Amino acid sequence: MRGLSAFCVAGLVAAIATDRAVEAGVLLDYGYVESFGDAAVVRGEGSEAFGFSQYQSFYVADEAWRIDSVTVHLRLFDAVSVGDVEIAVYNADGLLPDLTGPIAPGVSAGVGSMNTAAVSVDLGGLVLGTGEYYIGLRAADPATNVLWMPGDSPAARHAVRSDGRVFTWYNPALSMTIAGEVVPAPAGLLLLAGGIGAFRRRR
């Protein structure tokens with residue numbers, strides 16, 4: 001045998017890091033406030049001149065995190081709206097989200113009432129290194145018209161209109177809770193290095 005392939009090494013790193021991760025926790029919680037004035041509109045283009053998608057920034061500091069779920073607070077804009085949205089994670093591109101596409105495929109979600117509800121989606125254990133990212137909500141139906149309720153913390157948020165115009169706010173952030181686990185990569189890499197050494201000695 002000639003050694004481990006890059007694919008196998010990457011898989012072992014992920015497996016070791018996940019196995020040694022600390023107890024599940026919360027990366028951030030921007031809170032939730034029932035405030036229509038500070039809410040963001042996620043809208044398709046079925047009955048309006050412009051559609052809107054919304055992007056809320058967040059940071060991963062110090063250590064990599066495995067992102068398991070994100071929870072946002074949504075409600076229908078009115079009784080004739082559709083509440084279908086897509087939730088995805090985006091890289092930052094300078095001071096804005098990278099709109100060339102999400103890091104991983106988006107997850108479908110929705111709300112079916114004019115009463116605000118906490119909507120959670122499983123992000124499949126996406127591992128993010130340190131840096132700035134965005135959670136983006138886009139309309140998944142032309143008739144989508146949803147309010148994303150605000151939180152009680154400051155953080156950059158952007159509304160992107162269907163004609164490309166961008167609107168930016170910094171306070172308050174939109175309601176958002178991200179749950180997952182710290183991934184202690186250095187410890188995992190040390191274990192992996194030892195394992196590879198033993199593997200090579202047994203050839």
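For the structure itself, consult the block above.
The structure contained in this document is the topic of the report that follows. Keep in mind that what you see is a predicted model, and the values were worked out from it rather than measured.

With that out of the way, let us pick up the overall build of the protein. Looking only at helices and strands, the protein features two helices and 13 strands. Per-residue burial over the protein gives 43% buried out of 203 residues. Here the analysis covers contacts within the protein between residues at least 6 apart in sequence; of these, 81% occur between residues at least 24 apart. Here the protein has roughly 10400 Å² of accessible surface; of this, 55% comes from carbon and sulfur atoms.

Taken together, the side chains of Leu95, Leu96 and Val166 make up a nonpolar region of the molecular surface, amounting to roughly 270 Å² of accessible area. We classify Val166 as partly exposed; its relative accessible area is 33%.

Within the fold, Gln54 resides in strand β3 (residues 52-60). What Gln54 contacts, discounting residues up to four positions off in sequence, is Ala40, Val41, Val42, Ile135, Gly136, Leu137, Trp148, His158, Ala159 and Leu174.

On to the pattern of salt bridges. If you walk through the whole model with that rule in mind, you get three salt bridges. A salt bridge links Asp68 to Arg66, with the nearest nitrogen and oxygen atoms 2.8 Å apart. Using a relative accessible area of 22% as the deciding quantity, one classes Asp68 as partly exposed. A salt bridge links Glu181 to Arg66; the nearest nitrogen and oxygen atoms lie 2.9 Å apart.

By the bridge criterion, seven bridges tie β3 to strand β9 (residues 131-139) in an arrangement that is antiparallel. Within the sheet, the bridge partner assigned to Gln54 lies in β9 and is Leu137. Note: strand β5 (residues 84-93) against β9, seven bridges, orientation antiparallel. Directly across from Val89, in β9, lies its bridge partner Ile135.

The residue after Asn171, namely Pro172, is reached through a cis peptide bond having omega 5 degrees. Residue placement: Pro172 occurs in the loop between β12 (166-169) and β13 (177-183). A positive phi angle is found at Asp62, which is not glycine, with a value near 75 degrees. Inspection of the secondary structure puts Asp62 in the loop between β3 and β4 (64-76).

Cut-off values and rules
- Residues numbered from 1 in each chain as written.
- Predicted model: local features only at pLDDT ≥ 70, side-chain atom pairs only at ≥ 80, totals over all residues.
- Heavy atoms only, no water.
- Helix = DSSP H or I, 4+ residues; strand = E, 2+ residues; numbered from the N terminus.
- Buried < 20%, exposed > 50% of the residue type's maximum accessible area, 1.4 Å probe, protein only.
- Contact = heavy atoms within 4.5 Å.
- Areas by Shrake-Rupley, 256 points an atom, 1.4 Å probe, with all protein chains shown as cover.
- Patch = residues over 30% accessible without salt bridge, like charges linked within 9 Å, V, L, I, M, F, W, Y side chains within 5 Å.
- Salt bridge = Lys/Arg side-chain N within 4 Å of Asp/Glu carboxyl O.
- Pairing = 2+ DSSP bridges.

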